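Fold and geometry: a report
So you can see what is in the structure, the chains are spelled out below.
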Amino acid sequence: MSFRDKIGKELLFFDGGMGTLLQERGLQAGEVPETWNFLHPEVIEQINREYLHAGCNVVSANTFGVNSFKCKDLAYSVDELVGAGVRIARSAIAKVRAQENDAGREMYCALDIGSLGKLLKPLGEISFDEAYDAFKEVILAGDKAGADLILIETVSDPYEIKAAVLAAKENTTLPVVVTMIFDEGGKLLTGGDVESAVAMLEGLGVDALGLNCGLGPEQMKKLLPELTACCSLPIVINPNAGLPVVVNGQTMFTVEPEEFAGSIRTLVEMGASAVGGCCGTTPEHIGKVVETCKDMRIVPVSDKNMTVVSSYNHAVRFSGKPLIIGERINPTGKPKLKQALRDNNMEYIYKEGLTQEENGADILDVNVGLPEIDEPRLMQEAVTGIQAIIDLPLQIDTSDTVAMEKGLRYYNGKPMLNSVNGKKESMESVFPIAKKYGAVVVCLCLDEDGIPETVEGRLRVAEKIVDTAASYGIAKKNLVMDALVLTISTGQDNARVTLETLRKIRYGMGLHTVLGVSNISFGLPDRVKINTAFFTMAMNNGLSAGIVNPSSEAMMAAYYSFNALIGEDEQCMKYIEKCAQISAKEQPQSTVQKGAPSGGVGLHEAIVKGLSESAYQATMKLLGENADSLAIINEMLIPALDVVGKGFEEKKMFLPQLLMSADAAKASFEAIKETLSKQGKNSKSKGKIVIATVKGDIHDIGKNIVKTLLENYGFDMIDLGKDVAPEVILKTVQENQVRLVGLSALMTTTVVYMEETIRLLRENHAGCKVMVGGAVLTQEYADMIGADFYSKDAMGSVRYANELFEKGML
């Protein structure tokens, strides 16, 4: 029986850790584990066989770290390393099956795929397409070698995950399992929460999803209820053997097999459909898990039947409380937006989005269609640009199927799509795209005969759309029906027909609903009065989401009033907050933001919001008014970065916003540098810092984030890159008389080189401070190896460097 037939039907067992076992058998610090597929294949096969003898169903090929970015300097190609790893695992399965003669236990080989170790643009250095191609190369090699399923694990960036899943779905028919690494607060690296990740992965059609690495079984018990509450797929849980501790200078995982198995049993009772282990787990751990859990029945997998869209970091669920879809990024009737689109003025679009977010939008409609522009190109640019700055889910609004696919493909999360209608041509062209990318689809109640005049006619179209969608594998929960709004200026029954249709779709057909509310008043004077009354009536008749202008105080007042009246606003707090905001706006405004160009935003706001062009223009305006460059940096630029940094530390802002604000600050610095250069001056540096990922380690995401932030706080960064020998770091420090070094390591096998680097610096460059960071490090370990400072996040490094600068130590 295939893995796809088994998962979610009965309890399956995955294997455990590989790296720690290889270290025990001779893998040297900095050595690439996957090269042992050629250097020591017998060792790899023996480990695979030990896990199979322990009773696991799924054994992972030794391919976790193989990709074109990590393997370009190796003697073996990606195809060779992947092929060898899969063949070894399959050989182990064949031998164990022959030895045990156990026809009842299914055994599968998983193509094990880890992170590329790089952030994707616009936050990082590689494009979505480059990431996709790297994953595709691995997946094709694994499929060719005979893998039974694809396991994408230890991943923490939803955009990278999407590239990997699409590479798998578009190039093979193999089952796909994704297990992610969350922190104890339930957040991914880029700030995504559990529900947003689940929404995206369910939409993309993976076969199972879950958690692995980073946490032990006890910590995962706290996250699993979040997962079971929103997930309609089988859940896979592969914890570490506890949290890492340092014992005699070595990173260890101290949860013993019996304790581990007891915790796993609880996780199965809580809803896990498949279980195994990650770092620190051994065949003994898995054997005890199998012994303890083999007769357990899994909690049946159930469809949560939720209509949900998501951005990279949070989900928006359609429920009893109506949602606001911001309508302003649509050129219809907006000459300024039309001109911005023609000029490729993306910051105008970003500002429209930010304004709608501030005014209460839950979702943003994005329509960039003009006859004279390249809509597919601009849709891709708009979607990726908006998502880098704004964390709201987007509604991709276009009738151009090429632009539609561009928008959906490069969207980070589970998108909303506007729209399909009941015409055969429309459904045939839109539904396959919507199914592929997992979009929630806005469905218009019109067909080849136009917009039906009667309620019954619109309901017939709605039913036709639902039935056709089902034939493409699209469930009702991923459809949101638009009953259509025609202006009452051309028909006195138009509002009544729409409202009755709305009510029957919502409560009769069980579908969520959406309307473009302002169409009701087209051609009439003082339209906002009609719009507000109709909006309230529509919400009372089952409107799930209104496409409106969130900047309209009258419309939003109606919205908050309605929510308070139906009990969807606890203690009327949102209503009270909205009233206070309106009152504040009515007060005289005595100040203007410093550096704000005409019609623009000030420097502080531009940096906080991540608007690079606005930051540059605001800085140039200030300099043109003879503002002192140092004052700009210390009184405006740095305080703005501090606001973002504090928000990041308090988990109110997330990595994408942090990095986009850093880019905006960099644009401001460039303006200062350009001006000073013309004046024959140089900007003053706070000091030099050497930063590097230590020898044997090729992961540089964390190091690059720290570098970017420190540059924007005025430090000169000497970036030595990754896999840097201790001697190279020492030489660079001595040649440049550097007083602060930042070292990063992600792999347990490479932290020894961090210790060696610190020892060399202590012996040969007295007075040099060393700060360290990385996923495998703890304060205890940092103290043991002699580091001066340890931080679990990038902002901690900034604070430490600033403290040293203020003390005159740099």
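Here the residue numbering is sequential within each chain, running from 1 through the sequence in written order. Per-residue local features of the predicted model are confined to residues with pLDDT of at least 70, and side-chain atom pairs are confined, for both listing and counting, to 80 or more; whole-chain, interface and lining totals are unaffected and use all residues. No hydrogens and no water enter the side-chain calculation; it runs on all heavy atoms of the structure.

1. Looking at the domain arrangement of the chain
Note: domain ranges come from an automatic or database domain assignment. For the chain, the assigned domains read domain 1 (3-208), domain 2 (308-581), domain 3 (593-678) and domain 4 (688-806). Computed from C-alpha atoms alone, the centre-to-centre distance between domain 1 and domain 3 is 42 Å. For any pair of parts, buried area is found by adding up, for both, the accessible area (1.4 Å probe) each one loses once the two are put together. Between domain 1 and domain 3 the total buried area reaches about 610 Å² when both faces are included, carbon and sulfur atoms providing 78% of it. Contact with domain 3 buries area across many residues of domain 1, yet Leu 123, Lys 187 and Thr 190 alone supply 56% of it, more than any other trio. Whenever Lys or Arg places a side-chain nitrogen within 4 Å of a carboxyl oxygen from Asp or Glu, that contact is recorded as a salt bridge. Here domain 1 and domain 3 share one salt bridge between them. Asp 183 is paired through a salt bridge with Lys 651; the nearest N and O atoms lie 3.7 Å apart. The definition of a polar contact used here is a pair of N or O atoms within 3.5 Å, where within protein one atom must be able to donate a hydrogen and the other to accept one, and adjacent residues in sequence count solely through side-chain atom pairs. On inspection of domain 1 and its partner domain 3, the count reaches zero residue pairs in polar contact (both at pLDDT 80 or more). In this classification, Asp, Glu, Lys and Arg are treated as charged, Ala, Val, Leu, Ile, Met, Phe, Trp, Tyr, Cys and Pro as nonpolar, and every other residue, Gly included, as polar. Each residue belonging to the side of domain 1 that touches domain 3 can be placed in one class, and the counts come to four nonpolar, two polar and two charged.

2. Quick look at the nonpolar core
Within this scheme, the nonpolar core is defined by two criteria: the residues are buried Ala, Val, Leu, Ile, Met, Phe, Trp, Tyr or Cys, and they are joined through side-chain atoms within 4.5 Å. When accessible area is computed with a 1.4 Å probe and restricted to protein chains, residues below 20% of their type maximum are described as buried, those above 50% as exposed, and intermediate ones as partly exposed. If you look at the biggest cluster of nonpolar residues, it comprises 236 residues, and the most contacted ones within it are Val 178, Leu 227 and Ile 386. In this text, helices come from DSSP runs of H or I with a minimum length of four residues, and strands from runs of E with a minimum of two, each type numbered from the N-terminal end. The greatest single-element share of this core, amounting to ten residues, is contributed by helix α25 (residues 655-678). In what follows, residue pairs with any heavy atoms lying within 4.5 Å of each other are defined as contacts. Sequence-distant contacts of Leu 227, that is, excluding residues within four places in its chain, are made with Val 194, Val 198, Leu 209, Gly 210, Leu 211, Ile 235 and Ile 237.

3. A short note on empty space enclosed by the protein
The way it works is a 1 Å grid over only the protein atoms, where trapped points that fit a 1.4 Å probe form a cavity and open points with protein on both sides within 12 Å along at least five of seven lines form a pocket, and then any residue with an atom within 4 Å of a point lines it. Grid points are joined across faces, edges and corners, and a volume is the space filled by probe spheres set on the points. Per the counting criterion, the structure on display carries two cavities of 30 Å³ or more. In terms of lining, the largest cavity is formed by 14 residues, of which the most central are Pro 122, Leu 123, Tyr 159, Gln 387 and Asn 412. Per-element tally for the lining of the largest cavity: the top contributor is helix α14 (residues 375-389), with three residues. Residue composition of the lining of the largest cavity, by class: eight nonpolar, four polar and two charged. Looking at which domains feed residues into the lining of the largest cavity, each of domain 1 (3-208) and domain 2 (308-581) supplies at least three. Among the elements of the structure, α24 (629-649) and α25 are those that each provide at least two residues to the lining of the second largest cavity. For the lining of the second largest cavity, a count of residues per class yields seven nonpolar, two polar and no charged. Counting contributing residues, the lining of the second largest cavity receives three or more from each of domain 3 (593-678) and domain 4 (688-806).

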